[in-house]
Amino acid sequence: MGKFRGWHIVAGLAAMLLAGIIGTAMGLNNTGTFMASGVAFVAVSLWVDSRISRRRSAARKGGNAAVSSAGHDAGDTPGNDPGLTLDGDASKREG
């Protein structure tokens, strides 16, 4: 697959399909089934996107080797996040 970046959309569509089948089996009308499917799509796609982003950022940082119990890198002050930049053109999705 290479650099396919649409896994969150694929997971959302699968959740939408499953919610549609379950909604129809439960006897919901078309509007209820559609609304439940839409909610499932948004929830699952955002959750999967979050998990993928966490995995990619952990891989970029080299794992959790230098993370203290507070959740910050050993050399960081608690208020500074090394992943954030003030550059408006910097993309968080590169890599």
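See the structure above.
In this text the structure is predicted, and so the values were computed from the model without any measurement.

**Q** Can you lay out the environment of Leu 13 for me, pointing to particular residues and giving the numbers?
**A** Mapped onto the elements, Leu 13 comes out in helix α1 (residues 7-26). For Leu 13, a relative accessible area of 48% translates into the label partly exposed. When the C-alpha positions of Leu 13 and Gly 38 are compared, they lie 9.3 Å apart, and in sequence the two are 25 residues distant.

**Q** A description of the packing of aromatic side chains should follow, citing residues and the corresponding values.
**A** Aromatic rings in a pair are described by how distant their centres are and how their planes are angled relative to each other. A full pass over the atoms with the stated rule returns 1 aromatic pair. When the ring of Phe 4 is compared with that of Trp 7, the centres are 5.0 Å apart and the planes differ by 85 degrees; the resulting orientation is edge-to-face.

**Q** I'd like a description of the side chain of Ser 45, backed by residues and values.
**A** Mapped onto the fold, Ser 45 is located in helix α2 (residues 30-61). Among the polar contacts listed, one links the side chain of Ser 45 to the backbone oxygen of Phe 41, at a separation of 2.8 Å.

**Q** How would you explain α2 if you had to name every residue and give the values?
**A** Here α2 spans 46 Å end to end across 32 residues, near enough to the 46 Å set by a 1.5 Å rise per residue. For α2, the set of buried residues is Thr 33, Ser 37, Ala 40, Ser 45, Val 48 and Asp 49. Where α2 is buried, its residues meet α1. Immediately downstream of α2, the backbone of Gly 62 shows phi near 85 degrees, a positive value.

**Q** Just give me the short version of the packing of α1 against α2, but keep the residues and values in it.
**A** For the pair α1 and α2, interaxial distance at closest approach is 7 Å and the crossing angle is 150 degrees. By the angle class used here, α1 and α2 are roughly antiparallel. Along this stretch, α1 crosses α2, giving a crossing that reads as right-handed. On α2, the residues touching Trp 7, His 8, Ile 9, Ala 11, Gly 12, Leu 13, Ala 15, Met 16, Ala 19, Gly 20, Gly 23 and Thr 24 of α1 are Thr 33, Ala 36, Ser 37, Gly 38, Ala 40, Phe 41, Val 44, Ser 45, Val 48, Asp 49 and Ile 52. When the residues that make up the contact of α1 with α2 are grouped by side-chain class, the tally is 13 nonpolar, 9 polar and 1 charged.

**Q** Explain a nonpolar patch on the surface to me, using residue names and the numbers behind them.
**A** A grouping of Leu 18, Ile 22, Met 26 and Leu 28 is seen on the molecular surface, where their side chains present a nonpolar patch of about 400 Å² in accessible area. Turning to its location among the elements, Ile 22 is positioned in helix α1. For Ile 22, a relative accessible area of 42% translates into the label partly exposed.

**Q** How would you summarise α1 if you had to cite specific residues and measurements?
**A** Taking 1.5 Å per residue as the helical rise, α1 with its 20 residues ought to reach 28 Å, and the 28 Å between its terminal C-alpha atoms agrees with that figure. Along α1, the residues that are buried comprise His 8, Gly 12, Ala 15, Ala 19, Gly 20 and Gly 23. The arc enclosing the buried residues of α1, seen along the axis, measures out at 145 degrees, which places them on a common side. Across α1 from its buried face, at more than 90 degrees, point the exposed residues Leu 17, Leu 18, Ile 21, Thr 24 and Ala 25. Looking at the buried side of α1, the elements it contacts are α2. A positive backbone phi angle near 95 degrees is found at Gly 27, which sits one or two residues after α1.

About the thresholds
Residues numbered from 1 in each chain as written. Predicted model: local features only at pLDDT ≥ 70, side-chain atom pairs only at ≥ 80, totals over all residues. Heavy atoms only, no water. Helix = DSSP H or I, 4+ residues; strand = E, 2+ residues; numbered from the N terminus. Buried < 20%, exposed > 50% of the residue type's maximum accessible area, 1.4 Å probe, protein only. Phe/Tyr/Trp six-rings, centres within 6.5 Å; stacked < 30°, edge-to-face > 60°. Polar contact = N/O pair within 3.5 Å; in protein donor to acceptor, adjacent residues only side chain to side chain. Expected span 1.5 Å × (residues − 1). Contact = heavy atoms within 4.5 Å. Axes fitted to C-alpha atoms, helices over the stretch in contact; angles between N-to-C directions. Parallel < 35°, antiparallel > 145°, perpendicular 65-115°, else oblique. Left-handed = near helix turned anticlockwise from the far one by under 90°. Nonpolar A, V, L, I, M, F, W, Y, C, P; charged D, E, K, R; others polar. Patch = residues over 30% accessible without salt bridge, like charges linked within 9 Å, V, L, I, M, F, W, Y side chains within 5 Å. Areas by Shrake-Rupley, 256 points an atom, 1.4 Å probe, with all protein chains shown as cover. Salt bridge = Lys/Arg side-chain N within 4 Å of Asp/Glu carboxyl O. Arc of directions from axis to C-beta.

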